[in-house]
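Single-letter residue listing:
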Amino acid sequence: MSSPLCVMLVAAEASGDDRGAGLANALRARLGDQVRFVGVGGARMAQAGVRSPFDIAELSILGVFEGVLAYRRIIRRVRETVALARAERPDVVVLIDSWGFTLRVAQGLRRAEPKLPLIKYVGPQVWAWRAGRARTLAGVVDHLLSINAFDAPYFEREGLAVTFVGNSALALDFSGADPERLRREIGAAPGDPVLLVLPGSRPGEIARVTPAFEDAVNILKARRPDLHVLVAAASTVADEVKARVAGWPHRAHVVEGEQAKRDAMRAADLALACSGTVTTELALAGCPMVVGYRLGPMTHAVLKRLIRTPYISLFNIAAGAFAAPEFVQDECTGEKLAAALEARLADPDLRRRQVDAQFKALDAMGRGGPDPSEAAADAVLKLLAERRAA
């Protein structure tokens, strides 16, 4: 019997951890004990059989200057990841999202193991900013698995083969969600409003975004004592989130884990969300939302000169309009967030119209298509088959 296929998966943040776990599970469903996994990831990938040599929370960095400050730590982890690949000798490496970290890993692997197949899963958003990254990526990996139907031309013109697999958030299954159980658990009567707060999955996001979110929740609770507050804590920042929520002047219920998060998304009347993959998940759950985000001031000053789209949420970009309102940087204040949330809590019809707009945007993104994890697994195995045939 031939030795099992060895697949190395590398992810450095919560959304990549989700995609890595989905891909690992899809490959194992096809190959059974004829596949083994190595790599870098978080809690979900660990459950799928990928044991990370270090905690990826320290790699969840967003911002030009924040990245500079963390440079030495990142480079050390890059070297450890490359060393892991050299020790385990995988048949293929899939580098998931996290542009700065995975690019350096790809460059290190290309120097160390020139013939090792490298696949990038989720490309940089070159249609929004830094178009030159398409050429950079084409120079170090063999294939791109894209989550956006409009990605391909930007990379194919640089000679990089692209397979559109879809956004894994669009395949999230809410059929097993139990919102009524969660509402009973938190003591919410049938007519009581429930707000879900999602403060992000990176330590920097918790530090910059959560103060404004806290202010907004305090304002709403003062106006609406019957408001029940849920806070979803990503595994990468669970301790920080729980510590902050413990100091709030009113009760809030922290939920952890994917199932509890899905229950909460369906149980909530409205959400206050940090921009990221979670906004797509909320839209898929049929939950109207208000989106907030903050970068470090120097990083924002640089990026606002480079970014070519007025939107930060992927479904707003797909819609070409603000299906959900966004409050970025100086606009992300407790007062402004609270006002947008209050308007929606007070107007069920406004919430319904927003959900309709979010659904139309999801349709433009490919909602209802094939499961992205399954499509990604097919693409990985096809690439390996082609390599072996050649």
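The rules behind the values
Residues numbered from 1 in each chain as written. Predicted model: local features only at pLDDT ≥ 70, side-chain atom pairs only at ≥ 80, totals over all residues. Heavy atoms only, no water. Buried < 20%, exposed > 50% of the residue type's maximum accessible area, 1.4 Å probe, protein only. Helix = DSSP H or I, 4+ residues; strand = E, 2+ residues; numbered from the N terminus. Pairing = 2+ DSSP bridges. Right-handed = clockwise from strand over helix to strand, strands pointing away. Axes fitted to C-alpha atoms, helices over the stretch in contact; angles between N-to-C directions. Left-handed = near helix turned anticlockwise from the far one by under 90°. Contact = heavy atoms within 4.5 Å. Nonpolar A, V, L, I, M, F, W, Y, C, P; charged D, E, K, R; others polar. Salt bridge = Lys/Arg side-chain N within 4 Å of Asp/Glu carboxyl O. Core = buried A, V, L, I, M, F, W, Y, C linked by side-chain atoms within 4.5 Å. Phe/Tyr/Trp six-rings, centres within 6.5 Å; stacked < 30°, edge-to-face > 60°. Lys NZ or Arg CZ within 6 Å of the ring centre and 35° of its normal. Lys, Arg positive; Asp, Glu negative; His and termini not counted.

## Remarks on the pairing of strand S10 (residues 270-274)
Regular strands have side chains that alternate between both faces of the sheet.
So, step 1. Within S10, 5 of the 5 residues are buried, which leaves the element mostly enclosed by the surrounding structure.
So, step 2. Side chains Leu-270, Leu-272 and Cys-274 project from S10 onto one buried face, and the interleaved Ala-271 and Ala-273 project onto a second face that is buried too.
So, step 3. Where strand S7 (residues 194-198) and S10 come together, 4 bridges link them in parallel fashion. Bridge pairing in S10 links Leu-196 to Ala-271.
So, step 4. Between the parallel elements S10 and strand S11 (residues 289-293), the chain passes through helix H12 (residues 277-285) in a crossover that is right-handed.

## Describing unusual backbone geometry
So, step 1. Even without a glycine there, the phi angle at Arg-89 is positive, about 50°.
So, step 2. Looking at the element boundaries, Arg-89 is found in the loop between helix H4 (71-88) and strand S3 (92-96).
So, step 3. Notably, Val-122 is not glycine yet its phi reads approximately 85°, a positive angle.
So, step 4. With respect to the helices and strands, Val-122 occurs in the loop between strand S4 (118-121) and helix H6 (133-138).
So, step 5. Judged by relative accessible area, Val-122 falls into the buried class, the value being 6%.

## Some points on the packing of H12 against helix H16 (residues 348-365)
So, step 1. At a closest axis distance of 9 Å, the pairing of H12 and H16 adopts a crossing angle of 115°. As for the relative orientation of H12 and H16, their crossing is left-handed in sense. Where H12 abuts H16, its residues Thr-280, Ala-283 and Leu-284 lie against Gln-358, Phe-359, Leu-362 and Met-365.
So, step 2. Class assignment for the residues of the contact of H12 with H16 results in 5 nonpolar, 2 polar and no charged.

## Points about the pattern of salt bridges
For side chains of opposite charge, pairing can occur when their charged atoms come near one another.
So, step 1. As enumerated under the stated definition, the model contains 24 salt bridges in all.
So, step 2. Linking Asp-18 and Arg-44 is a salt bridge whose minimum nitrogen-to-oxygen distance equals 3.3 Å. Of this pair, Asp-18 sits in helix H1 (residues 14-31) while Arg-44 sits in helix H2 (residues 43-47), placing them 26 residues apart in sequence.
So, step 3. Of the residues examined, Asp-18 reaches a relative accessible area of 19% and is grouped as buried.
So, step 4. With its nearest N and O atoms 3.7 Å apart, the salt bridge here joins Arg-86 to Glu-113. Residue Arg-86 is located in helix H4, and its partner Glu-113 is located in the loop between helix H5 (99-112) and S4; the two are separated by 27 residues in the primary sequence.

## Examining the nonpolar core
So, step 1. Core analysis: the biggest nonpolar cluster contains 37 residues, and Leu-196, Leu-198, Leu-230, Met-265, Leu-282, Met-289 and Phe-315 have the highest contact counts within it.
So, step 2. Put simply, the parts of the chain that give this core at least two residues each are S7, strand S8 (228-233), helix H11 (258-267), S10, H12, S11, helix H14 (314-319) and H16.
So, step 3. Considering every element that reaches this core, the biggest residue donor is H12, with 5 residues.
So, step 4. In terms of nonpolar packing, the next biggest core, distinct from the first, is built from 34 residues, Val-78, Ala-85, Val-93 and Leu-116 among them.

## Here's the deal with the packing of aromatic side chains
So, step 1. One pass over the full model with this rule turns up 1 aromatic pair.
So, step 2. With centroids separated by 4.7 Å and ring planes inclined at 70°, the aromatic side chains of Tyr-311 and Phe-322 adopt a geometry described as edge-to-face. Here Tyr-311 is found in the loop between helix H13 (297-303) and H14, whereas its partner Phe-322 is found in the loop between H14 and strand S12 (326-328), with 11 residues between them in sequence.
So, step 3. Residue classification places Tyr-311 among the buried residues on the basis of a relative accessible area of 15%.
So, step 4. It is Arg-367 that lies over the ring of Phe-359; its NZ or CZ is 4.6 Å from the centre.

## Side note on the side chain of Asp-151
So, step 1. Assignment of secondary structure puts Asp-151 in the loop between strand S5 (143-146) and helix H7 (152-156).
So, step 2. We note that Asp-151 is buried and unpaired, the nearest opposite charge coming from Arg-19 at a distance of 9.5 Å.

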